[in-house]
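If you want the building blocks of each chain, they are given just below.
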Amino acid sequence: GVGMTGCVRHTALIFLVGICVLFLNLGGPRLWDRDEPRNAGCAAEMSARGDWITPVFNGELRTPKPILLYLLMLGSYAIFGVHEFAARFWSAALALGTALLTYGIGRRVFSPSVGLWAAIILTTTLMFDVAARAATPDSALIFWMTAAVWVYVRGTFLPPVGDEAPTAPARWFPSWRVATLMYACMGMAVLAKGPVGLVLPTAVLGMYLLVLRLPTREWEPNSGRLSALGLGLLRCLRPFSPGHFLRTCWMMRPITAVVVAMIVALPWYIAVDLRTDGQ
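Residues numbered from 1 in each chain as written. Predicted model: local features only at pLDDT ≥ 70, side-chain atom pairs only at ≥ 80, totals over all residues. Heavy atoms only, no water.

Q: Please explain a nonpolar patch on the surface as it appears in this structure.
A: Taken together, the side chains of Trp 172, Met 207, Val 211, Leu 212, Leu 233, Leu 237, Phe 240, Phe 245 and Leu 246 define a hydrophobic patch exposed on the protein surface, amounting to about 800 Å² of accessible area. The dominant element in the nonpolar patch, judged by the number of residues it contributes, is helix H9 (residues 196-212), at three residues. Within the secondary structure, Phe 240 sits in the loop between helix H10 (228-237) and helix H11 (242-251). For Phe 240, a relative accessible area of 39% corresponds to the partly exposed category. (Patch = residues over 30% accessible without salt bridge, like charges linked within 9 Å, V, L, I, M, F, W, Y side chains within 5 Å. Areas by Shrake-Rupley, 256 points an atom, 1.4 Å probe, with all protein chains shown as cover. Salt bridge = Lys/Arg side-chain N within 4 Å of Asp/Glu carboxyl O. Helix = DSSP H or I, 4+ residues; strand = E, 2+ residues; numbered from the N terminus. Buried < 20%, exposed > 50% of the residue type's maximum accessible area, 1.4 Å probe, protein only.)

Dropping the structure here:
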């Protein structure tokens, strides 16, 4: 089995691979595409003005994306100075965090070896690395959505025993406190890239629950009266039967989701709206 020593070794290996893939020559290439210069320039203007609330680029309000990316850049600018490495630092750091969270999810749901390989594969995947080495909000969005899934897994699956893990969760949905933390992570994702940070992970977890909680004993249509295609279509639509769908949605505490995400994300939207008179 893989105990604490194995977990430390796995974490160290993921960390080493992540440093090599994500951080080497991170500040070498100039800012490219249209988004990197605008994002980095916006944070530089905010830093020069001493304003950590209102994103401005070339003297004009810039709010296509929320504030989180700019706040991260402001912090790295204060530590490293204003240059390419600082602009991209948090994208790479959060991508490394995503790999470690992926390891934690795989370790809890399947086994330590599955978690390790999942993290290594993710860290060396091309498009993941493109987002991780760019001054864009994508890496922050991915990190906080993955963090929400990690909180869900920690709140529903029992710890693994050796190299084995439970084949089913101990409970379908976490306690109120754990769910609050999970939706707070989604609120941070909203601050990274807007409502998709709440909608996408909620939809993923919801689809998972719709399929896994599907009753085993349910009316089965007479296959002699239906074509194979029609029968297959009915089976695919079973998770969306109204009663099952509504019960699953309510179990996920949708009111808690909206309230917690708003508590995390809404204050910035209100503050920037007041500062700019709703522009």
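Having put the structure on the table, let's press on.
Q: Whenever I open this one, the side chain of Asp 51 confuses me. Can you help?
A: Relative to the elements of secondary structure, Asp 51 occurs in the loop between helix H2 (35-49) and strand S1 (56-57). Side chain to side chain, Asp 51 and Arg 49 meet in a polar contact 3.0 Å long. In terms of polar contacts, Asp 51 uses its side chain to reach the side chain of Arg 275, at 3.0 Å. Not counting the four nearest positions on each side in its chain, Asp 51 is found in contact with Met 46, Leu 74 and Arg 275. (Polar contact = N/O pair within 3.5 Å; in protein donor to acceptor, adjacent residues only side chain to side chain. Contact = heavy atoms within 4.5 Å.)

Q: Would you mind showing me how to read the pattern of salt bridges here?
A: It is possible for side chains bearing opposite charge to pair when their charged atoms get close. Evaluation of the coordinates by the stated rule reveals four salt bridges. Arg 88 is the partner of Glu 36 in a salt bridge, and the nearest nitrogen-oxygen pair spans 2.8 Å. Residue Glu 36 is found in helix H2, and its partner Arg 88 is found in helix H4 (residues 84-109); the two are separated by 52 residues along the sequence. Residue Glu 36 shares its accessibility class with Arg 88, and that shared class is buried.

Q: How do you make sense of the side chain of Arg 88 when you look at a structure like this?
A: Using a relative accessible area of 2% as the deciding quantity, one classes Arg 88 as buried. Within the structure, Arg 88 has its side chain in polar contact with the backbone oxygen of Arg 30 (distance 3.0 Å). Among residues more than four places away in sequence, those in contact with Arg 88 are Leu 26, Gly 27, Pro 29, Arg 30, Leu 31, Trp 32, Glu 36, Ala 132, Arg 133, Ala 134 and Ala 135.

Q: Quick question: what am I supposed to make of helix H1 (residues 4-23) here?
A: Because each turn of an α-helix spans 3.6 residues, side chains separated by three or four positions end up pointing in the same direction. With 20 residues, H1 ought to run about 28 Å at 1.5 Å a step, and its terminal C-alpha atoms sit 27 Å apart, in line with that. Regarding H1, the residues found buried are Gly 6, Cys 7, His 10, Ile 14, Val 17, Gly 18, Leu 22 and Phe 23. Positive backbone phi, approximately 60 degrees, marks Asn 25, located one or two places after H1. (Expected span 1.5 Å × (residues − 1).)

Q: I'm lost on the packing of H4 against helix H5 (residues 112-123) in this one. Help?
A: Geometrically, a packed helix pair is captured by the angle between its two axes and the distance between the axes. Their axes nearest at 7 Å, the elements H4 and H5 cross at an angle of 155 degrees. Considering the angle they form, H4 stands roughly antiparallel to H5. In this structure, H4 crosses over H5, and the sense of that crossing is right-handed. Residue-level contacts link Thr 98, Ala 99, Thr 102, Tyr 103, Gly 106 and Arg 107 of H4 to Pro 112, Gly 115, Leu 116, Ala 118, Ala 119, Leu 122 and Thr 123 of H5. Taken together, the residues of the contact of H4 with H5 break down into seven nonpolar, five polar and one charged. (Axes fitted to C-alpha atoms, helices over the stretch in contact; angles between N-to-C directions. Parallel < 35°, antiparallel > 145°, perpendicular 65-115°, else oblique. Left-handed = near helix turned anticlockwise from the far one by under 90°. Nonpolar A, V, L, I, M, F, W, Y, C, P; charged D, E, K, R; others polar.)

Q: In this structure, what is going on with the packing of aromatic side chains? I would like to understand it.
A: Both the distance between ring centres and the angle between the ring planes are used here to describe each pair of aromatic rings. In the structure shown here, the tally under the stated rule is ten aromatic pairs. One aromatic cluster is present, formed by Phe 23, Phe 80, Phe 85, Phe 89 and Trp 90 through successive ring pairs. (Phe/Tyr/Trp six-rings, centres within 6.5 Å; stacked < 30°, edge-to-face > 60°.)

Q: What am I meant to see in the nonpolar core here?
A: The nonpolar side chains of a soluble globular protein tend to be buried, and buried together. Formed by 49 residues in total, the largest nonpolar core has its most connected members in Met 73, Tyr 77, Tyr 152, Phe 173, Met 182, Tyr 183 and Met 186. Counting residues per element, the ones that place at least two in this core are H2, helix H3 (68-80), H4, helix H7 (138-156), helix H8 (176-193), H9 and helix H12 (254-276). Apart from the residues lying within four places of it in its own chain, the contact partners of Met 186 are Ala 148, Gly 197, Leu 198, Pro 201, Thr 202 and Leu 205. Among the nonpolar cores identified, the runner-up in size contains nine residues, and Leu 26, Phe 89, Leu 96 and Phe 128 belong to it. (Core = buried A, V, L, I, M, F, W, Y, C linked by side-chain atoms within 4.5 Å.)

Purely geometric numbers; function is a separate question.
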